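# Coordinates in review
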Amino acid sequence: TSPPVPGPRRMTVREAYFAPSEVVAASHAVGRVSADSVAAYPPGIPNLMPGEEISADNLAFLQETAAAPFGHVRGAQVADMSLVRVVRD
């Protein structure tokens, strides 16, 4: 499966990295702005960057990768991607 298209950039990486953030259930993260860099391994290229809007497709891809016997998600708050750190609204 190919990685999904990145979500729209809503903040710069710097703004999102230093903004107040909170950890929310993945079901509440869609449409919010990522505060973390998150990458599925393999291949290890970031699927989410700070400042990027989290899409349902990207979140599902990361959760599927985390659930795969060979998969790992670097930068995840928890191994199964059930929690996501987002910029506080």
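An account of the accompanying structure is given in this report. This structure is a prediction, so every number in the text was calculated from the model and none was measured. (Residues numbered from 1 in each chain as written. Predicted model: local features only at pLDDT ≥ 70, side-chain atom pairs only at ≥ 80, totals over all residues. Heavy atoms only, no water.)

### Describing empty space enclosed by the protein
If you roll a probe as big as a water molecule over the atoms, it shows you where there is empty space left. Under the counting rule described, the total for this entry stands at one cavity of 30 Å³ or more. Roughly 40 Å³ of internal volume is contained in the largest cavity. Residue lining of the largest cavity: Asp-36, Val-38, Gly-75, Ala-76, Gln-77, Met-81, Leu-83, Val-84 and Arg-85, and that is the complete set. The dominant element in the lining of the largest cavity, judged by the number of residues it contributes, is strand β5 (residues 83-87), at three residues. Residue classes in the lining of the largest cavity are distributed as five nonpolar, two polar and two charged. (1 Å grid on protein atoms, 1.4 Å probe; cavity = no way out; pocket = protein on both sides within 12 Å on 5 of 7 lines; lining within 4 Å. Points joined across faces, edges and corners; volume = space filled by probe spheres on them. Helix = DSSP H or I, 4+ residues; strand = E, 2+ residues; numbered from the N terminus. Nonpolar A, V, L, I, M, F, W, Y, C, P; charged D, E, K, R; others polar.)

### Quick look at the packing of aromatic side chains
Here the structure, examined in full by the defined rule, presents one aromatic pair. A ring pair is formed by Tyr-17 and Phe-18, whose centres lie 5.0 Å apart and whose planes are at 90 degrees; its orientation type is edge-to-face. We classify Phe-18 as exposed; its relative accessible area is 58%. (Phe/Tyr/Trp six-rings, centres within 6.5 Å; stacked < 30°, edge-to-face > 60°. Buried < 20%, exposed > 50% of the residue type's maximum accessible area, 1.4 Å probe, protein only.)

### A closer look at helix α2 (residues 56-67)
Taking 1.5 Å of rise per residue, twelve residues should cover 16 Å, and α2 covers 16 Å from first to last C-alpha, within 8% of that figure. Along α2, the positions that sit buried rather than exposed are Asn-58, Leu-59, Phe-61, Leu-62, Thr-65 and Ala-66. When α2 is viewed along its axis, its buried side chains cluster within an angular range of 160 degrees and face the same direction. Exposed residues pointing more than 90 degrees away from the buried face of α2 are listed as Asp-57, Glu-64 and Ala-67. At its buried positions, α2 is contacted by β2 (38-41), β3 (46-48), β4 (72-74) and β5. (Expected span 1.5 Å × (residues − 1). Arc of directions from axis to C-beta. Contact = heavy atoms within 4.5 Å.)

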